[in-house]
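# Architecture at a glance
So you can see what is in the structure, the chains are spelled out below.
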Amino acid sequence: MRSKQFLLCTALFGSLAAPLPALAQVRTEPFEHQRIESVQVTIDNPSPDAALNSRVEDLVRRTLAAYPSSRFSEDRLIAALARLSRVPEIRATRHEVVNGSTGGVQLRVAVTLADGAAPPADASPQFPSLYQSNGTLVRAKLETLAMYYGNNNAWYGRNDLMLNGNPFAVGKAAGKGYSQWLEGFVQAGLYAITPLTDSLYVYGGASVIASGSVGQELFTDKTRSHVALEDAFLGLVGGSTTEQGDRLVYNLSAGRQRFSVGEGMMLVNTAQNGLNRAALQSNPRWAGDQVVLARLAYNDWKLEAFHIDPDELPEVDSKTQIQGLNVETTALNDFTLGVMALRVPKSQASYYTTSSQLQREGLRALDFRVRWQPAPSGGAGPFIAAEFARQTHSKFDMQAQGYFGEFGYVFAKAAWSPTLSYRYARFTGDKPGTERFERWDPLLSGGNGETWVQGINHFKIFQDSNLIAHRVQARLRPQQNIELVPQFWLFQADSLANLGGNPALSMLQSKQVGKELNLTAKYFYSRNVMFQGHVAATYAGTAIDQGLGAHSSPWLSTMFFVRVGY
C-alpha cells in the first residue's frame, strides 16, 4: 500500500518532467503554415493563343505545388516563383495571400507573359528581396512584435495549488487580482535559392530571434531576454514535367526548420517558448533542433517523410524524437484526404498511473484526416472536417484515441459574410482499474485558439488530453481587412483519473471542467502590418472548484499586439 501511495505522489509531481506543450495563444505570422483554401492563377496580359495561356497557367500551378488543404509556406512559394522566373514565356510574377472564409488562406498568383520584345533591364529588387537574377534570389526576413497581456484572477486565484512544483514557476506568479506584462521579439534572417541545373535548385536560410518579457507574467515576475539561432537549414528542390503535363516535384531539406501536419492536432509546435526564452504568449520560435524532411509531390498527391527533434526548453527537455510518413491527396474534387503514421524512437518522457510508470519511447500513432468543402473559397456553402487518430505502444498495452468532427456553413452573401461552425473533439483519458493505458498523448499539439489551443485561458490548465471539448465559433468580416472570431467553449473530462495533467486536478470528482467565452479581433492594416487582440472569460466547472476546495471567480484575460513583418 505504501509503495502505491509513493508512486501516486511521484506521478503527481513527476509528470511535470514530461514536455510541456507551448502556451501560444496567437499565430504571430498570420499566414505561415495555415491551411490553403484555394490557389488562384491569373494572367495579366493573356495571349491570343489560348493554348499558350493554358500551358503557362498549368505550369505555374504545378511549379507552386500548393493545393487546397496543404500548408502555406512563404519560403516554398518564393522558391517556386524564383524557378518560374527562368521560364521564357514568363516575364514577371506577383502574389497575394489573404484570409479565407474557413480559417485558412487564399493564395493568388498573377503572371505577366513575355511579349517577344527584348526584356527590360533588371530593376533594383525591392525589400525584402536583396538580389534576383536568372533564378537566383536572396531575400531578407525582418519581423518584430510587441504584445500587452493582462489577467484578472489568473489560475482562478489559486496559483499556489495550480503551479505547485511547476518548473515554469520562478519567482512570483500571477494569481488573485490583476496582473499584466509586456513581451516582444525581433527576428532577422537571410534566405536564398539558386539553380544548379535547369531543373535542380539549392536553397537555405538562417535567422536569429531576440525576445524579452517584463512585468507580472503567468509564471514569473522576473524580467528576461534571450537571443538564439532560429532557422538554419539547407535543401534541394527539383522536378520534371511529362509530355502529358504530369508534374513531379521532390524536395529534400535538413536543419533547424518548421514543420506541421494537418491542423496540428499532433504535430505543430516543434519549439518551446517561455522561461528564460521569454515571449511565452507570442510564441516566436517554431524551428526544431533538427528537422529532416523528404517531400515528393506528383500532381495533387504528396508524400512526406520526416524526422523531428523538437527544440525543447532545457529545463523540461524530454529528448523526444519523432519519425513518420504523411500522405495527402484530393478525391472527387471536393474532398481532401490525409493519412499519417508516426513513432517515437527516443524519449525520456513518462506516463503515470496509480500503479505504474510508463515510458513514451515506443509510442506509435496512426492518423486519418478528411475535409469536404464543395463551394470555392469565399463562396456560400457547407463544409465538414474530421480527424481520427489512434495511439498504441510497442512495449506495453496502450490504446488512446483523439478525434474531432466539425461542420459549418459559409454565408457569403449575408452581412459581414459570417461563417458558423460547431466542433466536437475528444481526447481519451486513462480508465482506472484497467491494465490498458488509454490517456492521449498530445505530443506537439497546439497552434492558436482557432486550431488546438482549446480555450484562451482554459488551455493553460487543462490541455489536450483526457478532454471532451464542444466549440461553437463564428467568423465575421465587417470589412475585408477586419476579422472577428467569437467562440463559446464547453469542457468536460473524459475520465476522473487525470494523472499527467495539472497536479491540483490529478483526481477529479466531477467531469464538468468549465466553459469559456472569448472574442478575437484582427485588423490587417497592410500586407506587412497586423493588429490583433482578444478578451476572454473562463468559468471553472465543478471539477476545478472541488479540486481547489472553493468556488472560483471567473478568470479574465486581455491581449493586444502589433506585428510588423517583411
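So, here is what we can say about the structure in this document. (Residues numbered from 1 in each chain as written. Predicted model: local features only at pLDDT ≥ 70, side-chain atom pairs only at ≥ 80, totals over all residues. Heavy atoms only, no water.)

With that settled, the discussion passes to the packing of helix α2 (residues 50-64) against helix α3 (residues 74-84). The contact between α2 and α3 brings their axes to 9 Å, and the two run at 140°. Classified by the angle their axes make, α2 and α3 are oblique. Crossing of α2 against α3: the hand is right-handed. Across from Leu59, Val60, Thr63 and Leu64 in α2, the residues of α3 making contact are Leu77, Ala80, Leu81, Arg83 and Leu84. Classifying every residue of the contact of α2 with α3 by side-chain character gives seven nonpolar, one polar and one charged. (Axes fitted to C-alpha atoms, helices over the stretch in contact; angles between N-to-C directions. Helix = DSSP H or I, 4+ residues; strand = E, 2+ residues; numbered from the N terminus. Parallel < 35°, antiparallel > 145°, perpendicular 65-115°, else oblique. Left-handed = near helix turned anticlockwise from the far one by under 90°. Contact = heavy atoms within 4.5 Å. Nonpolar A, V, L, I, M, F, W, Y, C, P; charged D, E, K, R; others polar.)

Attention shifts here to the layout of surface pockets. Computed from the structure, the second largest pocket encloses a volume of approximately 500 Å³. If you list the elements that add at least two residues to the lining of the second largest pocket, you get α2, α3 and β8 (224-241). Counting residues per element, the lining of the second largest pocket draws most heavily on α2, which supplies eight residues. Residue composition of the lining of the second largest pocket, grouped by class: six nonpolar, nine polar and nine charged. (1 Å grid on protein atoms, 1.4 Å probe; cavity = no way out; pocket = protein on both sides within 12 Å on 5 of 7 lines; lining within 4 Å. Points joined across faces, edges and corners; volume = space filled by probe spheres on them.)

Along the chain, the position of Leu443 falls in the loop between β19 (419-427) and β20 (467-479). Residue Leu443 is classed as buried on the basis of its relative accessible area of 8%. Taking the C-alpha atoms as reference points, Leu443 and Ala521, separated by 78 residues in sequence, lie 29 Å from one another. (Buried < 20%, exposed > 50% of the residue type's maximum accessible area, 1.4 Å probe, protein only.)

Looking now at the sheet that holds strand β3 (residues 105-113). The strands making up a sheet associate through backbone hydrogen bonding, with each pair oriented either parallel or antiparallel. The mixed open sheet is built from three strands, whose spatial order is β1-β3-β2. Only two strands of the sheet have a single partner each, and these edge strands are β1 (36-43) and β2 (90-99). With strand direction ignored, the average angle separating the axes of adjacent strands in the sheet is 15°. The sheet contact formed by β1 and β3 spans seven bridges and is parallel. Opposite Gln40, over in β3, you have Arg108 as the bridge partner. On the sheet, α2 packs against β1, β2 and β3 and is oriented at approximately 145° with respect to β1. (Pairing = 2+ DSSP bridges.)

For the rest of this paragraph, the subject is α2. Given 3.6 residues per helical turn, the α-helix brings residues three or four places apart onto the same face. In this model α2 runs 21 Å from its N-terminal to its C-terminal C-alpha over 15 residues, within 8% of the 21 Å that 1.5 Å per residue would give. Taken together, the buried positions of α2 are occupied by Leu52, Asn53, Val56, Val60, Arg62, Thr63 and Leu64. Tucked into the core, α2 has its buried residues touching β1, α3, β2, β3 and β9 (247-256). Its side-chain oxygen 3.1 Å from the backbone nitrogen of Ala51, Asp49 forms the N-cap of α2. Ala65 occupies a position one or two residues after α2 and carries a positive phi of about 50°. (Expected span 1.5 Å × (residues − 1). Polar contact = N/O pair within 3.5 Å; in protein donor to acceptor, adjacent residues only side chain to side chain.)

One finds Val60, Leu64, Trp155 and Ile544 to be the most contacted residues of the largest nonpolar core, which totals 64 residues. With five residues, β3 is the largest single contributor of residues to this core. In this structure, Ile544 is in contact with Tyr156, Met162, Ile461, Leu505, Gln512 and Val513, ignoring residues within four places of it in sequence. Counting residues in each nonpolar core, the second largest holds 30 residues, with Ala385, Ala389, Trp440 and Leu443 among its members. (Core = buried A, V, L, I, M, F, W, Y, C linked by side-chain atoms within 4.5 Å.)

Once that is clear, we can look at the pairing of strand β10 (residues 290-298). On β10, burial follows the alternation: Val291, Leu293, Arg295 and Ala297 on one face are buried, whereas Gln290, Val292, Ala294, Leu296 and Tyr298 on the facing-out side are not. Pairing analysis gives eight bridges linking β9 to β10, with the strands arranged antiparallel. The residue bridging Val249 from the neighbouring strand is Ala297, located in β10. Two elements, β10 and strand β11 (residues 301-309), share nine bridges in a ladder whose sense is antiparallel. The residue of β11 that forms the bridge with Val292 is His307. In sequence, β10 turns back onto β11 through a hairpin of two residues, with Asn299 there showing a positive phi of about 55°.

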